[in-house]
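Descriptive analysis of the structure
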Amino acid sequence: QVQLVESGGGLVQPGGSLRLSCAASGSMFSMYAMGWYRQAPGKQRELVASITSRGTTTYADSVKGRFIMSRDNAKKTVYLQMNSLKPEDTAVYYCRGSYSVMDYWGKGTLVTVFS
């Protein structure tokens, strides 16, 4: 069983930065593909960024050049560095970990970008 706990959300003005963290419990973290998703009010959950077990990252077009995802296997943690934030980035951000048939989600952290 793996538990994922997100942190780092909060209030920020447009143009600002935040770094989200997702800490995992359990074993075999380094084998997991990890993803950051977000869900804005009234919208479907969408993939923001992902990272493979080998460290290859992909990003949604809407965040390319602004967000950076990374992982630290020794700390069993993934990060999402969010720069140049926009009001449309406001959402609950969720962490997801997947390996084979196993699939886990965190409970989310709220990011609010306001002026």
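Residues numbered from 1 in each chain as written. Predicted model: local features only at pLDDT ≥ 70, side-chain atom pairs only at ≥ 80, totals over all residues. Heavy atoms only, no water.

Below, the discussion takes up the overall build of the protein chain. When helices and strands are tallied, the protein chain shows zero helices and eleven strands. Over its C-alpha atoms, taken along the principal directions, the protein chain stretches across nearly 40 × 25 × 20 Å. The buried share of the protein chain, reckoned over its 115 residues, is 38%. Taking all contacts inside the protein chain whose residues are at least 6 apart in sequence as the whole, residues at least 24 apart take part in 54%. Taken as a whole, the protein chain presents about 6,300 Å² of accessible surface, with 51% of it coming from carbon and sulfur. For the protein chain, the centre of its 13 positive side-chain charges and the centre of its 7 negative side-chain charges are spaced 4 Å apart. (Helix = DSSP H or I, 4+ residues; strand = E, 2+ residues; numbered from the N terminus. Buried < 20%, exposed > 50% of the residue type's maximum accessible area, 1.4 Å probe, protein only. Contact = heavy atoms within 4.5 Å. Areas by Shrake-Rupley, 256 points an atom, 1.4 Å probe, with all protein chains shown as cover. Lys, Arg positive; Asp, Glu negative; His and termini not counted. Charge placed at Lys NZ, Arg CZ, Asp CG, Glu CD.)

If you trace the four strands from one edge of the open sheet to the other, you get β1-β3-β8-β7, paired in antiparallel fashion. If you trace the sheet from one side to the other, it starts and ends with β1 (4–7) and β7 (67–72), each paired once. For this sheet, the mean inter-axis angle between neighbouring strands, taken without regard to orientation, is 15°. As paired strands, β1 and strand β3 (residues 18–24) are joined by four bridges and run antiparallel to one another. Paired with leucine 4 across the two strands is alanine 24, which belongs to β3. (Pairing = 2+ DSSP bridges. Axes fitted to C-alpha atoms, helices over the stretch in contact; angles between N-to-C directions.)

Let us look at the pairing of strand β5 (residues 46–51). Note that strand β4 (residues 33–39) and β5 share five bridges and pair antiparallel. Across the sheet, tryptophan 36 pairs through a bridge with alanine 49, a residue of β5. A loop of six residues connects β4 with β5, the two strands running antiparallel in sequence, and glycine 42 in this loop sits at a positive phi of about 75°. Counting the residues between successive antiparallel strands, the hairpin from β5 to strand β6 (residues 57–59) contains five residues, one of them, glycine 55, with a positive phi of roughly 100°.

Our next topic: the pattern of salt bridges. Under the counting rule described, the total for this entry stands at five salt bridges. The partner of arginine 38 in a salt bridge is glutamate 46, and the shortest N-O contact between them spans 2.7 Å. As a salt-bridge pair, aspartate 89 and arginine 38 come within 2.9 Å of each other at their nearest N and O atoms. Taken together, the residues aspartate 89 in the loop between β8 (77–82) and β9 (91–99) and arginine 38 in strand β4 connect sequence positions 51 residues apart. (Salt bridge = Lys/Arg side-chain N within 4 Å of Asp/Glu carboxyl O.)

Here we take up the environment of proline 14. Within the secondary structure, proline 14 sits in the loop between β2 (10–12) and β3. Given the relative accessible area of 38%, proline 14 is considered partly exposed. In this structure, the C-alpha to C-alpha distance between proline 14 and phenylalanine 114, residues 100 residues apart in sequence, is 6.2 Å.

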